[in-house]
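# Descriptive structure summary
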Amino acid sequence: MAGNESIKTASNYLRGTLIESLANGITGSVTKDDTQLTKFHGIYQQDDRDIRAERRKKKLEPAYSFMIRVRVPGGVSTPQQWLEMDRIAHEHANGTIKLTTRQAFQFHGVIKSNLKRTIREINDSLLDTIAACGDVNRNVMCNPNPFQSRVHAGAQKLAQQISDHLTPRTSAYHEIWLTDDEGEKHKVTKEPDVEPIYGPTYLPRKFKVVVAVPPSNDVDIFANCLGYIAIVEDDEIIGWNVTVGGGMGMTHGDTQTFPRLADILGFCTPEQAVEVAEAVVRVQKEYGNRLNRKNARLKYTIENFGIEWFRNAVEQRIGYPLQPARPYKFEHNGDRFGWSQDHLGNWHYGLFVENGRLYDTEENPALTGLREIAKVHEGDFRLSANQNLVLSRIRPEKKDEIQALLDEYGLDGGQHRTALRRNSMACVALPTCGLSLAESERYLPKLISDLDDVVEEAGLRDDDIVIRMTGCPNGCGRPYLGEIGFVGTGPNTYNLYLGAGFAGERLSKLYQRDVKDREIVSTLRPILLDYAQNRQAGEHFGDFTIRAGYVHATTAGNNFHENIIEREAVLA
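## Section: the packing of helix α12 (residues 366-376) against helix α13 (residues 399-408)
- Contact pair α12 / α13: the axes reach a minimum separation of 9 Å and the direction vectors enclose 165°. Judged on the interaxial angle alone, α13 and α12 are roughly antiparallel. At the point where α12 passes α13, the crossing takes the right-handed sense. Here α12 contributes E372, I373 and V376 to the contact with α13, which in turn contributes E401, I402, L405 and L406.

Here's what the structure looks like:
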């Protein structure tokens, strides 16, 4: 069994020695085993890699701190919750809010002595961090749908139902984090813990669920373990096409690991959707690989057993056959920016947030502006899966007031930026992510500024091209679904991928290995100019790079690595 399996088995339903680790004031860290268990509670131990070597020379332990991820099912939060996240970011974290690629809030720089207080205050805001990470179902995503509000309620309802149903039942979360200052446990019963779905060892690896409403695929449904595609008739959701087996992560140099897009499992009615979700989770719990974590995701279970076998296993557990999938069509996987109005007359404002990071600068006091908006806004703050934000359900009589605040604080919704920048996304990477091999969030904005010169030269300023970057191959920023994708291989060095589908329906292919950051613009410039001059009507950049012969099409995850050696031999 993989090492994490023994940690889970011995953890007593995710308790481990976390209480003892938190009480140890000698170190800013928790024990090695407890670092694995904190993930189930939505917490990652990190250290500042920018100063790691310096501290090592001084014989100091690393500058440990913790990242906390807050679940926001469907990405919908209230103005009051936004204000609380803002306050917590300034009082307990590093003064920034990170909007993640899974529609969650993320705090960085929380020190160990503040962990418990921070989690309690998050809980007081009626949000939580349990299962935001770890080998369980994580935050359930849903289309923000400001322009499809007739069906958003149904999609959001399913996201919340699945989130509630698949949340771990252990009382460890309350016992460890929500104990008051007098030591009294918050909402903890004396009954022994039971995990009716997960069991004591939970899942072999993380599990991700999304809900999508065509034509928008902004949640990148095919990149997730389990997905629900809304089938809409007469402005009502009549059921869901169910997708299974997607996932982005892989390991450099290991061709047995690869990103994979989900398969269509079948169609279910709204009443069956949660039951189907549990059945999929149960099959993965029983048959997922617990020997090798690199091959433990649901995508490999389906790759190894086949979709027909998996469908039979799910149908055996629900007791009825799934119906054939219904027709649907995705047109894009990006966000809408600026103002849009729904059928009820309410307004929604899509706000571009570069790489999801919100903080104040003298030139751009974004957090202050959103704080002032939250004080008067009566609708929702909706987090998008592309790290952006939607100010939603603004009554017509409040629109001018909100617009005035947007103007005052320079929150322009991205309209003045190139389409390339509006369609960009990066993971956190350095200095806090322990897995990162290269920069991502700190570097991509500069790279896009350099590429903007090429975009302007080519006349592509307003052409949507999806560009994504991650500091390692785990794929948190879904780089293999970027029409231009960068994956870090070492300091200032990236593998360059091209050819993904614009609507998230096709994986990319490796175009060039180990491109230095100083070489990226000169590498992409002739391709972008070629696209501008020779594309066909309506042809997207990813499709063009395949037609023009820059890369082969990736037709399935298991051929993601094919044709690379052949092309490199030609170049040599």
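Let's pick the thread back up.
## With respect to the sheet that holds strand β11 (residues 338-341)
- In space, the five strands of this open sheet follow the order β3-β14-β15-β12-β11, with antiparallel pairing throughout. Strands at the two margins of the open sheet, each flanked by one partner only, are β3 (76-77) and β11.
- Alignment of β3 against strand β14 (residues 380-383), held across two bridges, turns out to be antiparallel. The residue bridging V76 from the neighbouring strand is R382, located in β14.

## Structural notes on the nonpolar core
- In terms of nonpolar packing, the biggest core is built from 95 residues, with F107 and Y228 touching the most fellow members.
- With eight residues, helix α9 (residues 273-287) is the single largest residue contributor to this core.
- Counting 32 residues, the second-largest nonpolar core is a separate cluster that includes Y443, I465, L496 and L498.

## Section: the packing of aromatic side chains
- Overall, the coordinates contain 24 aromatic pairs when judged by the stated rule.
- Relative to F105, the ring of W82 lies with its centre 5.6 Å away and its plane at 65°, an arrangement referred to as edge-to-face. On the criterion of sequence distance, the pair formed by W82 in helix α5 (residues 79-92) and F105 in strand β5 (residues 105-110) is long-range, its members being 23 residues apart.
- A relative accessible area of 0% places F105 in the buried class.

## Concerning helix α16 (residues 520-534)
- Helix length check: α16, at 15 residues, gives a terminal C-alpha distance of 22 Å against a target of 21 Å (1.5 Å per residue), a fit within 8%.
- Along α16, the residues classified as buried are I520, T523, L524, I527, L528, L529, D530 and Y531.
- Where the residues of α16 are buried, they touch α15 (444-458), β18 (484-490), β19 (493-498), β20 (509-516) and α17 (541-547).

## A word on the pattern of salt bridges
- Counted under the stated rule, the structure contains 41 salt bridges.
- Between E303 and R260 there is a salt bridge, and its shortest N-O distance comes to 2.7 Å. Of the two residues, E303 sits in helix α10 (residues 298-305) while R260 sits in the loop between β9 (236-244) and β10 (263-268), which places them 43 residues apart along the sequence.
- Judged by relative accessible area, which is 26%, E303 ranks as partly exposed.
- Of the charged contacts in the structure, one is a salt bridge between D380 and R382, with a shortest N-O distance of 3.3 Å. Of the two residues, D380 and R382, neither departs from the other in class, the shared state being buried.
- A network of salt bridges, in which partner residues are shared, links E5, K8, D135, R290 and R293.

Reading the values: rules and limits
Residues numbered from 1 in each chain as written. Predicted model: local features only at pLDDT ≥ 70, side-chain atom pairs only at ≥ 80, totals over all residues. Heavy atoms only, no water. Axes fitted to C-alpha atoms, helices over the stretch in contact; angles between N-to-C directions. Helix = DSSP H or I, 4+ residues; strand = E, 2+ residues; numbered from the N terminus. Parallel < 35°, antiparallel > 145°, perpendicular 65-115°, else oblique. Left-handed = near helix turned anticlockwise from the far one by under 90°. Contact = heavy atoms within 4.5 Å. Pairing = 2+ DSSP bridges. Core = buried A, V, L, I, M, F, W, Y, C linked by side-chain atoms within 4.5 Å. Buried < 20%, exposed > 50% of the residue type's maximum accessible area, 1.4 Å probe, protein only. Phe/Tyr/Trp six-rings, centres within 6.5 Å; stacked < 30°, edge-to-face > 60°. Expected span 1.5 Å × (residues − 1). Salt bridge = Lys/Arg side-chain N within 4 Å of Asp/Glu carboxyl O.

The values reported here are purely geometric and, on their own, carry no functional implication.
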